[in-house]
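Spelled out from the first residue to the last, the chains are:
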Amino acid sequence: MKKILLLSMLVALTACSNQPNQLILNPVYKSGKVASINANISTSVIDLRGDNVTLKIIESDKVKTLASPGLTESVKSTLDSALSRNGASISNLATTRFELDIHALQAIVTEKMMTHTSNANIELGIRVIRSNSNFSKVYRGSANLEGPLRHDRAKIESQLNKLTEQLITRIVSDPELIAYLEG
């Protein structure tokens, strides 16, 4: 009986310490057709954040940070999906370039004795470049959540994924952007 109890405790401790040191972000565009974009464009996503920290956990006197490998690729995939579902044709050979810059994408979790809060902020800038003109605009979003005890990393990932998808939906349904793309 003691061996089973000892083995169970060891497995529990190992499971707690093996949580990956990265945040998995994989936003998915779910909004369907919200606009009609008749344009042939090439897309790119550039991470312009000063550091690659996506999650900062503040716990009394300790701060832990986590990055999100593949962030630009997952945001580009979501952007391409959103643009395509709304009528745009994505091609590397297109003369109109659609560049999305990630200025901020981070959640800050503050853990206290019996509660935690998460404040997520995202800022995305776009530039649409043609041979004779360009269009640029910045989109911002934030989300907050609170809960008992320690944070659940899956909830923080979901918070950031949902916020990213909301901002991309706002981008592809922006009347100013659509008018520029079709003008």
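Residues numbered from 1 in each chain as written. Predicted model: local features only at pLDDT ≥ 70, side-chain atom pairs only at ≥ 80, totals over all residues. Heavy atoms only, no water.

Undergrad: Any chance you could explain helix α2 (residues 71-85) here in plain terms?
TA: An α-helical segment advances 3.6 residues per turn. Residues three or four places apart therefore align on the same side. With 15 residues, α2 ought to run about 21 Å at 1.5 Å a step, and its terminal C-alpha atoms sit 21 Å apart, in line with that. Three or more residues of α2 are buried, namely Leu71, Ser74, Val75, Thr78, Leu79, Asp80, Ala82 and Leu83. Buried residues along α2 sit against β1 (40-47), β4 (89-90), β5 (96-111) and α3 (153-172). Once α2 ends, the next one or two residues include Gly87, with phi positive near 105°. (Helix = DSSP H or I, 4+ residues; strand = E, 2+ residues; numbered from the N terminus. Expected span 1.5 Å × (residues − 1). Buried < 20%, exposed > 50% of the residue type's maximum accessible area, 1.4 Å probe, protein only. Contact = heavy atoms within 4.5 Å.)

Undergrad: For this particular structure, what's the right way to read the nonpolar core?
TA: Proteins that are soluble and globular tend to have nonpolar side chains buried together. In terms of nonpolar packing, the biggest core is built from 41 residues, with Phe98, Leu100 and Leu177 touching the most fellow members. Elements that contribute at least two residues to this core include exactly β1, β2 (53-59), α2, β5, β6 (115-129), β7 (134-148), α3 and α4 (175-182). Per-element accounting of this core gives the leading share, 7 residues, to α3. Each residue touching Leu100, except ones within four places of it in the same chain, is listed here: Ser44, Val45, Ile46, Val75, Leu79, Leu124, Gly125, Ile126 and Ile171. (Core = buried A, V, L, I, M, F, W, Y, C linked by side-chain atoms within 4.5 Å.)

Undergrad: Which parts of the structure should I look at to understand the pattern of salt bridges?
TA: Oppositely charged side chains can pair when the atoms bearing their charge come close. On inspection of all chains with the given rule, the structure shows 8 salt bridges. Between Asp80 and Lys76 there is a salt bridge, with its nearest N and O atoms 2.7 Å apart. Here Lys76 and Asp80 lie together in helix α2, a separation of 4 residues that amounts to about one turn. Overall, Asp80 belongs to the buried group, its relative accessible area being 17%. The exposure class of Lys76 is partly exposed, given its relative accessible area of 26%. Here Asp101 and Arg127 are joined by a salt bridge, their closest N and O atoms 2.2 Å apart. Highlighted residues: Asp101 in strand β5 and Arg127 in strand β6, separated in sequence by 26 residues. Owing to a relative accessible area of 4%, Asp101 belongs among the buried residues under this scheme. (Salt bridge = Lys/Arg side-chain N within 4 Å of Asp/Glu carboxyl O.)

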